[in-house]
Amino acid sequence: STQSTWGGHSNPRTHRPLKLPAGYAITSALIKALPNTVVPILGARVVDLLMEDGRVVGVKYTSGEVVKELRGPVILATGGFANDHTTNSLLSQYAPHLAHEPTTNGPWAEGDGMKMASKIGASLVDMQEIQVHPTGFVDPKNPGDHTKFLCAEAIRASGALLFNQAGRRFVNELGLRDYVTKSIYEQPNKRAWLVLNPAGHQKATLHVNFYVNKGLMREYPDGTEAAAAMGVPPLTLQAELEQYNAASQTGEDGFGKKRFPSTPFDFTAPLFVGEIVPVLHYTMGGVHINSQTEVLSPSGPVPGLYGAGEVTGGVHGKNRLAGNSLLDCTVFGRIAGAAALEYSRRLDDEPRIDL
């Protein structure tokens, strides 16, 4: 793996694999490690938590037209609600001002786990805290699509710069996500151009090649053609790059940026360009858990119910730091698995009374 300094970081602290996207690398390794006795149920949808004597004892789910049940302790790992446009939308309830913004989340991100947990009395926390990621790609083939493809933080960490529609930089690209997002929203059309040089491409080859293949980024032979594609004056873009190069030598630019990865930028060399827009990316709110991932109600833990990942709230505060989502999933996922197993063993040890 390599260690990266992403937005808001003061030191290299995020490990990412060199040959695979981080999320895929983790999940594929876990799937390979599963014993043959673990058989995923695919094409199903959990619709309710089963309760008996104040405990969660399983789930009710649908598979096709058939309603079925599974018994045992439950770990909620259903993700967030950044694409919830259902009749009981959590977005509309807690952040109506963001409900119509584009999102990186697929149609499954409807807060199902939170809704089921709340229905049985579990507490929800920080539901109004929703992260708007600064960089979601505008697909030239479908610019109005509500769901955008995320432009990963690794691209700006590798040296990508942001330019407005006039061809000028306007932000420290490595600032915290909420600051970068706010700066983009202050631009006339609330969009920006992301520009990366060959040195940055070498640091994020896997990502950039994927984006180019998807048509989300395009490589131009030099700054003149890149400026033409962006619709900005070439001399303006050239001057901005030269000013940035000069700032990298002094150690700080006019936006307070003090780290300058992949400099210098050569206007006569190839440039990779894509258009980006802020997107709903992560919901910090969710079910309230304790350090053992037990889901909490106002009266204490809900026996038999655990949570990990974006379905939970209160882990990341007001705005999640780049790189901490997979960290959250792996750390609390491991704790939840161990806690649910221990709970199940305790139940097996309880004396039973036949009536």
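One can find the structure itself at the top, above this paragraph.
Described in the following lines is the structure provided in the data block. Numbers given for residues are sequential positions, taken from 1 along each chain in its written order. Per-residue local features of the predicted model are confined to residues with pLDDT of at least 70, and side-chain atom pairs are confined, for both listing and counting, to 80 or more; whole-chain, interface and lining totals are unaffected and use all residues. The side-chain figures draw on all heavy atoms in the structure; neither hydrogens nor water molecules are used.

## Concerning the pairing of strand S5 (residues 66-71)
Consideration 1: By the bridge criterion, six bridges tie strand S4 (residues 55-63) to S5 in an arrangement that is antiparallel. Within S5, the position partnered with Gly-58 by the bridge is Arg-71.
Consideration 2: The criterion for strand pairing is that DSSP finds at least two bridges linking the strands in question. Strands are runs of DSSP state E lasting at least two residues, helices are runs of H or I lasting at least four, and both sets are numbered from the N terminus onward. Connecting S4 to the antiparallel partner S5 that follows it, the hairpin turn spans two residues, and Gly-64 within it adopts a positive phi of roughly 70°.

## Let's talk about the sheet that holds strand S15 (residues 294-297)
Within a sheet, each strand pairs with its neighbour through backbone hydrogen bonds, oriented either parallel or antiparallel.
Consideration 1: In spatial order, the strands read S6-S16-S15; together these three strands make up an open sheet with mixed pairing. Looking at the sheet topology across the chains shown, the edges are occupied by strand S6 (74-76) and S15. Averaged over neighbouring strand pairs, the angle between their axes works out to 55° when direction is ignored.
Consideration 2: Across three bridges, the pairing between S15 and strand S16 (residues 300-307) is antiparallel. Here an axis means a line fitted to C-alpha atoms, over the contact stretch when the element is a helix, while the angle between two N-to-C directions is reported on a 0 to 180 degree scale.

## Details of a nonpolar patch on the surface
Consideration 1: Patch construction takes residues with relative accessible area above 30% that form no salt bridge. Like charges are linked within 9 Å, and nonpolar side chains (Val, Leu, Ile, Met, Phe, Trp, Tyr) are linked within 5 Å. Only the protein chains shown count as cover for residues, and all accessible areas are computed by the Shrake-Rupley method using a 1.4 Å probe. Salt bridges are defined by distance alone: a side-chain nitrogen of Lys or Arg within 4 Å of a carboxyl oxygen of Asp or Glu. A cluster of nonpolar side chains, contributed by Ile-31, Leu-34 and Val-38, occupies part of the molecular surface with about 260 Å² of accessible area.
Consideration 2: With respect to the helices and strands, the residue Val-38 is situated in the loop between helix H1 (22-33) and strand S3 (44-52).

## Brief notes about helix H9 (residues 234-250)
Consideration 1: Given a rise of 1.5 Å per residue, 17 residues ought to cover 24 Å, and the 25 Å separating the end C-alpha atoms of H9 matches this to within 8%.
Consideration 2: Considered for burial, the residues of H9 that qualify are Thr-236, Leu-237, Glu-240, Leu-241, Tyr-244, Asn-245, Ala-247 and Ser-248.
Consideration 3: We call two residues in contact whenever any of their non-hydrogen atoms come within 4.5 Å of each other. Contact partners of the buried residues in H9: strand S10 (161-163), helix H8 (223-230) and strand S13 (271-283).
Consideration 4: Where H9 terminates, the next one or two residues include Gly-251, which has phi positive at roughly 100°. In this scheme, a helix's expected span is set at 1.5 Å multiplied by one less than its residue total. For every residue, the accessible area (1.4 Å probe, protein chains only) is compared with the maximum for its type, and the residue is labelled buried under 20%, exposed over 50%, or partly exposed between those bounds.

## So, the pattern of salt bridges
Consideration 1: On inspection of all chains with the given rule, the structure shows 16 salt bridges.
Consideration 2: Taking the shortest distance from any N to any O, the salt bridge between Glu-52 and Arg-71 comes out at 2.6 Å. Remark: Arg-71 occurs in strand S5 and Glu-52 occurs in strand S3; sequence separation between them is 19 residues.
Consideration 3: When the shortest N-O distance is used, the salt bridge between Glu-275 and Arg-191 registers 3.8 Å. Remark: Arg-191 occurs in the loop between helix H5 (177-185) and strand S11 (192-196) and Glu-275 occurs in strand S13; sequence separation between them is 84 residues.
Consideration 4: Judged by its relative accessible area of 17%, Glu-275 falls in the buried class.
Consideration 5: The partly exposed category is assigned to Arg-191, whose relative accessible area is 24%.

## Some remarks on the environment of His-15
Consideration 1: Among the secondary structure elements, His-15 is positioned in strand S2 (residues 14-16).
Consideration 2: Taking the relative accessible area as the measure of exposure, His-15 reaches 52% and is therefore exposed.
Consideration 3: A sequence separation of 184 residues divides His-15 from Ala-199, and the C-alpha atoms of the two residues are 20 Å apart.
Consideration 4: What His-15 contacts, discounting residues up to four positions off in sequence, is Ser-1, Thr-2 and Gln-3.

## Details of the packing of aromatic side chains
Consideration 1: The criterion for an aromatic pair is that two Phe, Tyr or Trp rings (for Trp, the six-membered ring) have centres within 6.5 Å, with stacked assigned to planes under 30 degrees apart, edge-to-face to planes over 60 apart and tilted to the rest. Counted according to the given criterion, the structure contains seven aromatic pairs.
Consideration 2: Plain terms: the ring middles of Phe-149 and Tyr-211 are 6.4 Å apart, the flat faces sit at 75° to each other, and that makes the pair edge-to-face. With Phe-149 in strand S9 (residues 149-150) and Tyr-211 in helix H7 (residues 205-213), this pair connects stretches of sequence that are 62 residues apart.
Consideration 3: Phe-149 sits in the partly exposed class, given a relative accessible area of 37%.
Consideration 4: Linked through ring pairs, Phe-137, Phe-149, Phe-210 and Tyr-211 together constitute an aromatic cluster.

By themselves these figures say nothing about function.
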